[in-house]
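# Structure assessment
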Amino acid sequence: MLDFFTIFSKGGIVLWCFQGAGVTESFTGPVNALIRSVILQERSGNNSFTHEALSLKYKLDNEFELIFVVGFQKILTLTYVDKFIDDVQLHFRDRYKNELEHKGALKLLSNNFEFEDEFQMLLREAEESCKARSPAPMRSFKESEKSQKTVKSMIETKGGDKGKDQGGKKSKNTKKEAAAAEPVKGDQGKASTAGQKTVENGNQGLTPEEIQKNREEFYRKRTTGTAEKSSKSPKPQKPKEKQRRVWDMGGCSTKELDYSAWNGNGSPNGGDQTQEPLNDPVMQLSSMKGDLLSVDCESSEEDEGGLEEEEERVVVKETSKISSKKGGGFGGMFGMLKGLVGSKSLTQGDMEPVLEKMREHLIAKNVAADIASQLCDSVAKKLEGKVMGTFTTVASTVKQALQESLVQILQPKRRVDILRDVMEAQSQRKPFVITFCGVNGVGKSTNLAKISFWLIENGFTVLIAACDTFRAGAVEQLRTHQRRLNSLHPPEQHGGRPVVQLYEKGYGKDAAGIAMEAIAYARNQVFDVVLVDTAGRMQDNAPLMTALAKLIAVNMPDLVLFVGEALVGNEAVDQLVKFNQALADHSMSDKPRLIDGIVLTKFDTIDDKVGAAISMTYITGQPIVFVGTGQTYNDLRSLNARAVVSALMKA
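We now turn to the structure provided with this report. Here the structure is a predicted model, which means the values were calculated and not measured. (Residues numbered from 1 in each chain as written. Predicted model: local features only at pLDDT ≥ 70, side-chain atom pairs only at ≥ 80, totals over all residues. Heavy atoms only, no water.)

## Describing the packing of aromatic side chains
Rules: Only rings of Phe, Tyr and Trp enter the pairing, Trp through its six-membered ring, and a pair is recorded when the two centres are within 6.5 Å. The plane angle decides the type: under 30 degrees is stacked, over 60 is edge-to-face, the rest tilted. The secondary structure listing takes helices from DSSP runs of H or I that are at least 4 residues long and strands from runs of E that are at least 2 residues long, numbered from the N terminus. Residue exposure (1.4 Å probe, protein chains only): buried if accessible area is under 20% of the type maximum, exposed if over 50%, otherwise partly exposed.
Applying the stated criterion across every chain yields a total of 19 aromatic pairs. Judged by centre distance (5.3 Å) and plane angle (85 degrees), the ring pair of Phe92 and Phe115 falls under edge-to-face. Placement of Phe92 in helix H2 (residues 81-95) and of Phe115 in the loop between helix H4 (105-110) and helix H5 (116-129) is noted, with a sequence separation of 23 residues between them. The same class applies to Phe92 and to Phe115, which are both buried. For the pair Phe218 and Tyr219, a centre-to-centre distance of 5.9 Å together with 55 degrees between the ring planes defines the contact as tilted. On the basis of relative accessible area, Tyr219 is assigned to the exposed category, the value being 53%. Three or more aromatic residues link up through ring pairs in this structure, and these residues are Phe5, Trp16, Phe18, Phe68, Tyr80, Phe84, Phe92, Tyr96, Phe113, Phe115 and Phe119.

Written out as structure tokens, the structure reads:
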């Protein structure tokens, strides 16, 4: 039933392995895929993993730094695997506890772990326990409720007493009704006694002095109430009609608003009309040669000591419930000591309150709810059973593990170096093609222009392919960017050739065909980079998603960048999942082209709510290549993982 079972250390040393009968393929491929895709990427919240036709289940032993992995065919439904892997872990730990305590690669290599007999015994027990049990025997007539009824109770008579004739449920109901009638009588008795008390508490039971006092109080309340009603101001009268608002510099006639006879410099059209675009403050840009600068988060500039104190204060409040103001110096000291873990292994119960606070904190920082839960589950699996130091709190341990996981997620498993890739494409005499895709209004065209400026600064020529043939004004927007970029880098400085050109065929045409023609034109005219701008589309629009998949499948660009804004929360997950799914479904090859990287825009508008970066990289496993931080061509940065995590963990 099982294809393989292996036990290895987190350092990669295989301690023991088992391979099922008739299995000839090696299990190194699936296990290596599990390590690369799950364990190294901090995605161990779920204990299952699928690789081709195999389904793998694993368990982490954090005390001895071990990993237990079992593999079986995906089409099989083995209900005993979870319990079986737990039993194997416990027996292996108990048998080789002394050898495992001496950590170190040489110690593990020198030991011989013989576990075959015990493993086979546990496997037989697990398989026997899951065998289909025999169905429960049918109850006999004497054991059924029907056998308790008499023949007389099932006979209905018209003239007889219904309460006596109708047995079974009827007789039971009559008993219930009789029992319910008794408390009603008791309630009536209580009501009668209460009525007597009210009579006694009337005027007959009061003295003349008390009656006079009550009358004076009653008259006083009536007089004050009428006075308050009369003192109320009358309702304001409604205005007859809405008054027109007069603006300060609005003018009295439309002639004052006519500026057609004046140029932009404030002089009449007959005056000097020479324009100097470089005097525009927007056009005064600094050089962007070389690699991009890292994005700066405000919270990363603060000292990390303050962050530690803030987080510790939250958790000590949960564990000790002692305030420094109320308890004084000794109370605060003992309250802090209560939160410490003295050389014991962490359990799920110890981490549960801290992880719940961490989860709420991540959601408040714009991390998608599902991603926050998966991250906390992964941290719990990573820390469960781990032995802590003497002067260490649960909160600081969980926070440190979560920070390491977040940094690991944001740091790409592969580095996208566009400048190096463009130079490699130059050596092969072909253009480097980048396609931009995303939903509506996230800033695809704007950030395409920023990336064009960065490439021009590094000495490359750029061809922009206007494949957004749907949105009105899309081609004109790209033409404006082309004109401004050429004014910043005049053709005279580059041998009379413009460094940026626009390839467009108007509106309503096939975007995939335009991209193909643009790539061929760039190859003939020796352009270094082709930037393909596509139309914005919602992830639920099936026809437009099919058109995007066709564009990518036909032209096979070197890089597919998804442009997403940093303002989204849970929507980021839905967008990326459906974009990747559409590209996979409509591709014509066995290995479809999916999203290769992410451009995160509007990063300057979110302060420290940087959770969208975590959500996007966690879903795709792809790096954030560019970060848009403003509205000028210089506002393009690369991602600084540690600065983003510092901003994310800021209280």
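## Here's the deal with empty space enclosed by the protein
The test is simple: For cavity detection a 1 Å grid was placed over the protein atoms alone, and a set of points counts as a cavity when a 1.4 Å probe fits there but cannot get out; an open set counts as a pocket when protein lies on both sides within 12 Å along at least five of seven lines, with lining residues being those that have an atom within 4 Å of a point. Grid points are joined across faces, edges and corners, and a volume is the space filled by probe spheres set on the points. Residues are grouped as follows: Ala, Val, Leu, Ile, Met, Phe, Trp, Tyr, Cys and Pro are nonpolar; Asp, Glu, Lys and Arg are charged; all remaining types, including Gly, are polar.
By the definition in use, this model includes 1 cavity of 30 Å³ or more. Looking at the largest cavity, its volume works out to about 60 Å³. Looking at the largest cavity, the residues that line it are Ala549, Ile552, Ala553, Met556, Leu583, His586, Ser587, Ser589 and Arg593. A per-element tally of the lining of the largest cavity places helix H18 (residues 542-555) first, with 3 residues. The class makeup of the residues in the lining of the largest cavity is 5 nonpolar, 3 polar and 1 charged.

## Points about the nonpolar core
Operational definition: For our purposes a nonpolar core is just a set of buried Ala, Val, Leu, Ile, Met, Phe, Trp, Tyr and Cys residues, chained together by side-chain atoms within 4.5 Å. Here, residues are in contact when the closest pair of their heavy atoms is within 4.5 Å.
Counting 117 residues, the largest nonpolar core has Ile418, Trp454, Leu455 and Phe626 as its most contacted members. In contact with Ile418, not counting residues within four places along its chain, are Phe432, Ile434, Trp454, Leu455, Leu559, Val625 and Phe626. By size, the runner-up hydrophobic cluster in this structure holds 28 residues, among which are Trp16, Leu66, Phe68 and Phe115.

## Side note on the pattern of salt bridges
The cut-off we apply is this: Within this document, salt bridges are pairs made up of a side-chain nitrogen of Lys or Arg and a carboxyl oxygen of Asp or Glu, the two lying within 4 Å of each other.
By the definition in use, this model includes 18 salt bridges. For Lys57, the salt bridge goes to Asp82, with nearest N and O atoms at 3.3 Å. Residue Lys57 is located in strand E4 (residues 54-61), and its partner Asp82 is located in helix H2; the two are separated by 25 residues in the primary sequence. Residue Lys57 is classed as buried on the basis of its relative accessible area, which comes to 17%.

## Brief notes about a negative patch on the surface
How we decide: Here, patches come from residues exposed beyond 30% relative accessible area and free of salt bridges, joined within 9 Å for like charges and within 5 Å for nonpolar side chains (Val, Leu, Ile, Met, Phe, Trp, Tyr). What sets the accessible areas is the Shrake-Rupley method with a 1.4 Å probe; for residues, cover comes only from the shown protein chains. We count Lys and Arg on the positive side and Asp and Glu on the negative side, and we leave His and both chain ends out. Just so you know, the charge point we use is NZ for Lys, CZ for Arg, CG for Asp and CD for Glu.
The grouping of Glu352, Glu356, Glu360 and Asp377 at the surface amounts to a negative patch. A per-element tally of the negative patch places helix H11 (residues 348-364) first, with 3 residues. Note on placement: Glu356 falls in helix H11. Judged by relative accessible area, Glu356 falls into the partly exposed class, the value being 33%.

## Overview of the sheet that holds strand E13 (residues 636-637)
Threshold: We call two strands paired when DSSP finds no fewer than two bridges between them. Axis definition: a line fitted to C-alpha atoms, limited for helices to the stretch in contact. Angles are taken between N-to-C directions and run from 0 to 180 degrees.
Sheet architecture is open: 8 strands sit in the order E8-E7-E9-E6-E10-E11-E12-E13, paired in mixed fashion. A strand with exactly one partner marks an edge of an open sheet, and here the two such strands are strand E8 (500-503) and E13. Of the pairings in the sheet, the one linking strand E6 (residues 432-437) to strand E9 (residues 529-534) comprises 5 bridges and is parallel in character. Within E9, the position partnered with Ile434 by the bridge is Leu531. Relative to the sheet, helix H15 (residues 444-457) contacts E6, strand E7 (462-467), E8, E9, strand E10 (559-565), strand E11 (597-601), strand E12 (624-628) and E13, its axis offset from that of E9 by approximately 170 degrees.

## Things to note about a nonpolar patch on the surface
Side chains of Val151, Met154 and Ile155 sit close together on the surface and give an oily, nonpolar patch of about 310 Å² of accessible area. With respect to the helices and strands, the residue Val151 is situated in the loop between H5 and helix H6 (162-165).

## Considerations on the environment of Tyr507
Rule in force here: Residues adjacent in sequence count toward polar contacts only when both atoms are side-chain atoms; beyond that, a polar contact is any pair of N or O atoms within 3.5 Å, and within protein one must be able to donate a hydrogen and the other to accept it.
Secondary-structure assignment places Tyr507 in the loop between E8 and helix H17 (511-525). Residues Tyr507 and Cys467 lie 40 residues apart in sequence; the distance between their C-alpha atoms is 8.8 Å. Among residues more than four places away in sequence, those in contact with Tyr507 are Asp468, Thr469, Phe470, Arg471, Ala472, Gly473, Ala474, Val475 and Glu476. At 3.0 Å, the side chain of Tyr507 and the backbone nitrogen of Gly473 are in polar contact.

## Details of the side chain of Gln89
Checked against the element boundaries, Gln89 lands in helix H2. Setting aside residues up to four positions removed in sequence, Gln89 forms contacts with Lys59, Leu60, Asp61 and Phe68.

## With respect to the sheet that holds strand E5 (residues 66-73)
With antiparallel pairing, the 5 strands of this open sheet are ordered in space as E2-E1-E5-E4-E3. A strand with exactly one partner marks an edge of an open sheet, and here the two such strands are strand E2 (14-19) and strand E3 (48-51). The average angle at which neighbouring strand axes cross in this sheet is 15 degrees, direction not considered. Two elements, strand E1 (residues 2-9) and E2, share 5 bridges in a ladder whose sense is antiparallel. Within E2, the position partnered with Phe4 by the bridge is Gln19. Sheet contacts for H5: E1 and E2; angle to E2, the most-contacted strand, approximately 50 degrees.

## Looking at the pairing of E7
Of all 6 residues in E7, 6 are buried; the element is thus mostly enclosed. Residue alternation in E7 divides its side chains into two sets, Val462, Ile464 and Ala466 and Leu463, Ala465 and Cys467, and both sets are buried. Where E7 lies against E8, 4 bridges are found, and the strand directions are parallel. Across the sheet, residue Val462 finds its bridge partner in E8, namely Val500.

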